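Remarks on the overall topology
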Amino acid sequence: MADATAALDLDELRTFVAEVLDVEEEEVTDEAEFVKDLGVDSLMALEVMVELEKKYAVKLEEREMKSITTLRKVHDLLASKLEK
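In what follows, the accompanying structure is described.

Rules used in this analysis
Residues numbered from 1 in each chain as written. Predicted model: local features only at pLDDT ≥ 70, side-chain atom pairs only at ≥ 80, totals over all residues. Heavy atoms only, no water. Patch = residues over 30% accessible without salt bridge, like charges linked within 9 Å, V, L, I, M, F, W, Y side chains within 5 Å. Areas by Shrake-Rupley, 256 points an atom, 1.4 Å probe, with all protein chains shown as cover. Salt bridge = Lys/Arg side-chain N within 4 Å of Asp/Glu carboxyl O. Lys, Arg positive; Asp, Glu negative; His and termini not counted. Charge placed at Lys NZ, Arg CZ, Asp CG, Glu CD. Helix = DSSP H or I, 4+ residues; strand = E, 2+ residues; numbered from the N terminus. Contact = heavy atoms within 4.5 Å. Buried < 20%, exposed > 50% of the residue type's maximum accessible area, 1.4 Å probe, protein only.

1. As for a negative patch on the surface
Together, Glu19, Asp22, Glu24, Glu25, Glu26 and Glu27 make up a region of like negative charge exposed at the surface. Note that Glu19 resides in helix 2 (residues 10-21).

What follows is the structure in structure tokens.
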């Protein structure tokens, strides 16, 4: 799985999340909070989660969804899952 982890590029992830949320890529900074800064609601968060699961072939738990509040946290969580 090291190849998958290496393939987890932060800028590519930023572009992907921006597309799913239908926001400008520049708005999705590493530390921008999805709810507070980008106006993400629970339905949008669920959509992001589903799309991430499809794209990276991982399973995200509901409890993990609450912890991924920024792009950096999404990246860190995916990286840890892809390392397993």
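Here the narrative resumes.
2. Comments concerning the environment of Ala18
Along the chain, the position of Ala18 falls in helix 2. Along the primary structure Ala18 and Leu60 are separated by 42 residues, whereas in three dimensions their C-alpha atoms are 19 Å apart. Not counting residues within four places of it along the chain, the set of residues in contact with Ala18 comprises Val23, Glu24, Glu25 and Val28.

3. Some details on the pattern of salt bridges
Going through the model one piece at a time under the given rule, you end up with 7 salt bridges. In this structure, the salt-bridge partner of Arg14 is Asp11, at a minimum N-O distance of 3.4 Å. Of the two residues, Arg14 and Asp11 are both situated in helix 2; the distance of 3 residues between them amounts to about one turn of the helix. A residue is classified by how much of its surface remains accessible, and Arg14, at 13% relative accessible area, is buried. A relative accessible area of 46% places Asp11 in the partly exposed class. One salt bridge in this structure joins Glu53 and Lys59, with 3.7 Å as the shortest N-O distance. Linked through salt bridges whose partners overlap, the residues forming this network are Asp11, Arg14, Asp30 and Arg72.

Nothing here speaks to function; it is geometry throughout.
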